[in-house]
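Now for the letters of each chain:
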Amino acid sequence: MTSFTEGGLNKRLKELNSSQQSIQTLSLWLIHHRKYAHTVVRIWAREILAGSESKQLTLMYLANDVIQNGKKKGPEYGQEFGKELAKAFKQISLKNCTTKTRQSLTRLLNIWEERGVYSKIQIDEFKEAFGEETETKPTEEPPPKKVKHSYNHKSKRTKSQNNGIKKDKEVIVEVDGTKELHVTLSPKTPVNDPPEPEELIKALNDLENAPSCDAVVRERISKLPPEIADVSLLSQLKGKDEAEELLRKVNDAVALLTDYNTRLVCEMEDRKKVSSMLHDFIQSQRDLIDQAEQRLQEYQGKLQKVCQVRQEVNTHLQNLPDLAQLPSVKGGLAPLPSAGDLFTVG
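Counting restarts for each chain, with residues numbered from 1 along the sequence as it is written. This being a predicted model, a pLDDT of at least 70 is required before a residue's local features are given, and a value of 80 or more before pairs of side-chain atoms are given or counted; all residues contribute to the totals for chains, interfaces and linings. To get the side-chain values, all heavy atoms of the structure are used, and hydrogens and water are removed first.

1. A closer look at the overall build of the protein chain
- Only runs of H or I of at least four residues qualify as helices and only runs of E of at least two qualify as strands under DSSP, and these elements are numbered from the N terminus. For the protein chain, the helix and strand inventory stands at twelve helices and four strands.
- Looking at the protein chain as a whole, 30% of its 346 residues qualify as buried.
- Sequence-distant contacts, at least 24 apart, represent 70% of the contacts inside the protein chain between residues at least 6 apart.
- Looking at the protein chain as shown, the accessible area adds up to about 23300 Å², and 55% of this sits on carbon and sulfur atoms. Note on exposure labels: buried denotes an accessible area under 20% of the residue type's maximum, exposed denotes more than 50%, and partly exposed covers the range between, all computed with a 1.4 Å probe on protein chains only. Between two residues, a contact is recorded if the distance between any of their heavy atoms is within 4.5 Å. With residues, only the protein chains shown are counted as cover, and all accessible areas are computed by Shrake-Rupley using a 1.4 Å probe.

This is how it looks when you write it as structure tokens:
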């Protein structure tokens, strides 16, 4: 997954459209980069102020998707959006939005209230900013357009295998009578959030200087005298001075080995962490490959349709008369026959 930059976010928000796939794709990207939630919401609020009514509605749907799906990962987005939503509703209301937009956002507020996305006090604040009555009865209608879903789980697992494991879902979405195939990707094994590429590279680089690669210390250990580790050689000590000298060597060896073993334990933990990071990163890349394949299939289908249209247009052009073969009219058209010529009997 691409790294986060403000420029990249601005570009994605500009390209955002009202389709469910566009909203869900950007939502997944934002949830992945939730540590930048404050920056994301600040830029989102700026786009709300500058956007058209339709763009504002799309941005609100995006916020809804990020808030509700992002709360499984952490509270960052719910808290940050909570600080800006009243201003956003106020801004949309000031533009005298259409009845359709007002009804859509009212449904959105009612769903947040039903599901406890925000507290009753916050919902009332949002409604007041939007110019709605705070006692509006909740409705069960969803905020987006009427959408029909049918799910096809591809993989079959045993009950024990399914515990804690999410499946990829194919979702057939019908929007305004048009059916589209979308894919909601989920890791096939429970993983943590994948690391940023830079973070993973740094962790791998750090392992290049791991204790197990410390040739200097390993050489020092290999040169330790054998008597420090052989109790049977104690009988060969001839006096106090030799015993004290051996004790000094033993203490030095204990310090050296204790320090090195501590470093090796830390290295082992670091390698376990890197192994987990690699597992999560590889899994996320596999999910992105699935998503890329889905998009490729979708756009290959669109390309095929466009090529068919091009072929039909070329065929139509070939069947049109060749104007170059028609008589030249530069000198004027031939004169029309007179009435006498028409009735002259040859």
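2. Quick word on the UniProt feature "coiled-coil region" (unreviewed entry) in the protein chain
- UniProt positions are given in the numbering used here, feature names are shortened, and annotations may be inferred rather than shown by experiment. UniProt's feature table lists "coiled-coil region" (unreviewed entry) at residues 282–309, given in the numbering used throughout.
- Counting secondary structure, residues 282–309 comes out at 100% helix and 0% strand; the distance between its end C-alpha atoms is 40 Å.

3. A closer look at the packing of aromatic side chains
- A pair of aromatic rings is counted whenever rings of Phe, Tyr or Trp (Trp by its six-membered ring) have centres within 6.5 Å, and the orientation is called stacked for planes under 30 degrees apart, edge-to-face for over 60 and tilted otherwise. Going through the model one piece at a time under the given rule, you end up with ten aromatic pairs.
- Taken together, a centroid distance of 5.7 Å and an interplanar angle of 25 degrees make the contact between Phe-4 and Trp-29 stacked. Here Phe-4, found in the segment before helix H1 (6–15), pairs with Trp-29, found in helix H2 (residues 20–32); they are 25 residues apart in sequence, far enough to count as distant.
- Judged by its relative accessible area of 12%, Phe-4 is buried.
- Consider the rings of Trp-44 and Phe-81, whose centres lie 4.9 Å apart with planes at 85 degrees: the pair is edge-to-face. Of the two residues, Trp-44 is situated in helix H3 (residues 37–50) and Phe-81 in helix H5 (residues 76–94); the sequence distance between them amounts to 37 residues. The exposure classification of Trp-44 matches that of Phe-81, with both residues buried.
- One aromatic cluster is present, built from ring pairs that chain together Phe-89, Trp-112, Tyr-118, Phe-126 and Phe-130.
- We count a charge as sitting over a ring when the NZ of a lysine or the CZ of an arginine lies within 6 Å of the ring centre and within 35 degrees of the ring normal. Positioned above the aromatic ring of Trp-29, the side-chain terminus of Arg-12 is 4.1 Å from the ring centre.
- Geometry around Phe-130 places Arg-102 over its ring, the cationic atom sitting 4.4 Å from the centre.

4. Concerning the nonpolar core
- By size, the foremost hydrophobic cluster in this structure holds 42 residues, and its most contacted members are Trp-44, Met-60, Phe-81, Leu-85, Phe-89 and Trp-112.
- Breaking this core down by element, the ones donating at least two residues are H1, H2, H3, helix H4 (53–70), H5, helix H6 (99–115) and helix H7 (120–130).
- Considering every element that reaches this core, the biggest residue donor is H4, with eight residues.
- Discounting residues that sit within four places of it in the chain, Phe-89 has contacts with Met-60, Leu-105, Leu-109, Trp-112, Phe-126, Ala-129 and Phe-130. Nonpolar cores are built from buried Ala, Val, Leu, Ile, Met, Phe, Trp, Tyr and Cys residues. Side-chain atoms within 4.5 Å join them into one set.

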